[in-house]
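Structure at a glance
The lines below spell out each chain.
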Amino acid sequence: MGTIKLSDYKLISPTATKAVSLEQFNNDTLWRENSYEHAVRPRNKHSDAVRSSQYRDTIGVIYRCVDVRSSSISSLPFTILKGDEVFIDSETAWEKPGYEWVNDISHLLYLTEASLLLSSEAFWLKNKSITQKMMNLRWLAAPFINPVYDSEQGITAFRRNAGMGDELFTPEQIVYFFIQNPLGELAPDIPQALAASISADVVLNYEEFVKKFYERGAVKATILKVDRSTPPAERKRLREFWQNFMSGVKSAYNTEVVSGDVESEVIGEGAGDSEKTEILTSRRKDIATTMGVPYSLLFGDTSSSYTAGPTEEKNFLNYSIIPRARLIQNFLNKQLFTEFGLQFRFNFGALPAFKEAGDLISKIFTTYVDALMPHSVAARIAGVTLPEGI
C-alpha cells in the first residue's frame, strides 16, 4: 500500500479565494487569532511599572525626557478662579489662609506627569480633617494602588497595598489621573515609556557591550593563530595568558613578550565604530520622539537653523505639554476643585515662548497701523484675528 501525503490534498471552502493543503491547515504556526482579545496587548500593571522604572533608571535619554516633561508641567503658571474672579494664582498661593494645600500642587504636578509617562496612572489622596477641612494633598505611588471596578457603577473604590496590608479609599478621597486606552473602556493605556521599548533595548544592549568591551581592556574580539603542531596544553596556556593579559582597564598599557609563532586576527568591532554610534544616535532620537520631546532640547542639534530652537520649543509646548496639561486640568476640576466652588486654569499665554511671540505680533500690527495701513490689512499681515465689524 502506498503512503498518502498530506500535501496531496487541499481544503477548499465554497466562498474561499485560496486553497490550503491539509499539512498547512494543521500547522498551528500558520494560524493567528482574529479577535480583539488577542489583538490588544494585555496590561500587566506591575510588570509594566518595573520595566518602565528600569528604562528610566538605566537609560539617560528616557530619564531626561521624563524630567523635561515633568518640569515643564510643574512650572506652568496657573490661576484658581472663584466665579469670574481670580481667587488664587501660582505666584501668591501661599498667601491665602485655609488654602495652604495649594502650595503642594506644583510638586505634585511634576510627580503626576512622571507617573503618567511611566505607568499611565497617578493618584493623589485628599487628606481632610474630621470636619472635612482640606489639610493637604498626599502623593500615592501608582504601582501600589488600583481602582476597584463594578460593571454597572464603574470605579467604586481604590485599593492600596504598599506592604503593610490593604487600605481602601472611596472615590471621593482620591484624585485619579490616567491615560485612556483608545481600544478599551476601563483599563489605562500602556505606559508611554514602553512604547520606546525596542529602541530602549538597543541602547541597553549597546551600553552592556561598551561595559564588557572596557572590562576586557578595550581589546576587540580576537582570534589567535598558532601552528598545528602546538600541543593542546600549550594552546590552553596561551588562551589563559591572553585572557588574563587583555582583561580589565589595569592591563590597558601592559607589555608582554611571547615566544613562538602566534598571529592575532581581529574579528570584532570596537565601542566607537561609526556604524554603532550612528545606530545609537538614531535610537536615542526614536526614544525622544516617542516621549514627545524634541531631540534638540536634549542634546542640541548643530544642523538646525537659527530659528529651529524657538520653533521646536513652541512645538514641544503645543503638541506635548499643553494637551497633557489640559488633561490634568480636567481631572483636577472634576475631582478636586469643583467641590470647593473653584476652577483651576493653566495660564499658557503667560509662558515666555508665547508671550514673546504675542509681543512681536502686537508690535508688527502697531507699526503697520501707525503707517496708516487699514486695520484689516495690518491684522492679516501680522496674523491677528479681529472681531467682526472691525
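Residues numbered from 1 in each chain as written. Predicted model: local features only at pLDDT ≥ 70, side-chain atom pairs only at ≥ 80, totals over all residues. Heavy atoms only, no water.

1. As for the pattern of salt bridges
This model, assessed by the stated rule, comprises 10 salt bridges. For the salt bridge of Arg64 with Asp67, the shortest nitrogen-to-oxygen distance reads 2.8 Å. One end of the pair is Arg64 and the other is Asp67, both in helix H4 (residues 60-74) and 3 residues apart, which spans about a single turn. When its relative accessible area of 19% is taken as the criterion, Asp67 is described as buried. When salt bridges with common partners are traced through the structure, they connect Arg69, Glu113 and Arg324 into a single cluster. (Salt bridge = Lys/Arg side-chain N within 4 Å of Asp/Glu carboxyl O. Helix = DSSP H or I, 4+ residues; strand = E, 2+ residues; numbered from the N terminus. Buried < 20%, exposed > 50% of the residue type's maximum accessible area, 1.4 Å probe, protein only.)

2. Description of the pairing of strand E3 (residues 78-82)
The pairing of E3 with strand E13 (residues 343-346) spans 4 bridges and is antiparallel. Counterpart to Leu81 in the pairing with E13 is Gln343. In this sheet, strand E4 (residues 85-89) lies alongside E3 in antiparallel orientation, the contact comprising 4 bridges. Paired with Ile80 across the bridge in E4 is Ile88. Count of turn residues in the E3/E4 antiparallel hairpin: 2 residues, of which Gly83 carries a positive phi of about 70 degrees. (Pairing = 2+ DSSP bridges.)

3. Some remarks on the packing of H4 against helix H5 (residues 105-119)
Contact geometry of H4 with H5 gives a least axis separation of 8 Å together with a crossing angle of 140 degrees. The element H4 and its partner H5 pack so that their crossing is right-handed. For the pair H4 and H5, the contacting residues are Val66, Asp67, Arg69, Ser70, Ser71, Ile73 and Ser74 in the first and Ser106, Leu109, Tyr110, Glu113, Ala114, Leu117 and Leu118 in the second. Here the residues of the contact of H4 with H5 are counted per class, giving 7 nonpolar, 4 polar and 3 charged. (Axes fitted to C-alpha atoms, helices over the stretch in contact; angles between N-to-C directions. Left-handed = near helix turned anticlockwise from the far one by under 90°. Contact = heavy atoms within 4.5 Å. Nonpolar A, V, L, I, M, F, W, Y, C, P; charged D, E, K, R; others polar.)

4. Quick word on the sheet that holds E3
Across the sheet, 3 strands lie side by side as E4-E3-E13; this open sheet has antiparallel pairing. What marks the edges here is a single partner per strand, and that holds for E4 and E13. Direction aside, the axes of adjacent strands within the sheet are offset by 35 degrees on average.

5. Structural notes on the pairing of strand E7 (residues 145-150)
It is a general feature of regular strands that their side chains alternate between the two faces of the sheet. Across 6 bridges, E7 lies against strand E8 (residues 154-161) in antiparallel orientation. Bridge pairing links Ile145 to Arg160 in E8.

6. A short note on the packing of aromatic side chains
The geometry of an aromatic ring pair is captured by the separation of the ring centres together with the interplanar angle, meaning the angle of the planes. Applying the stated criterion to the full structure yields 15 aromatic pairs. Here Phe87 and Tyr99 contribute two aromatic rings whose centre-to-centre distance is 5.1 Å and whose plane-to-plane angle is 85 degrees, an arrangement assigned as edge-to-face. Taken as a pair, Phe87 in strand E4 and Tyr99 in the loop between E4 and H5 lie far apart in primary sequence, 12 residues in all. Per residue, the accessibility class of Phe87 equals that of Tyr99, and both read buried. Relative to Trp101, the ring of Tyr99 lies with its centre 6.0 Å away and its plane at 45 degrees, an arrangement referred to as tilted. One exposure class covers both Tyr99 and Trp101, and it is buried. (Phe/Tyr/Trp six-rings, centres within 6.5 Å; stacked < 30°, edge-to-face > 60°.)

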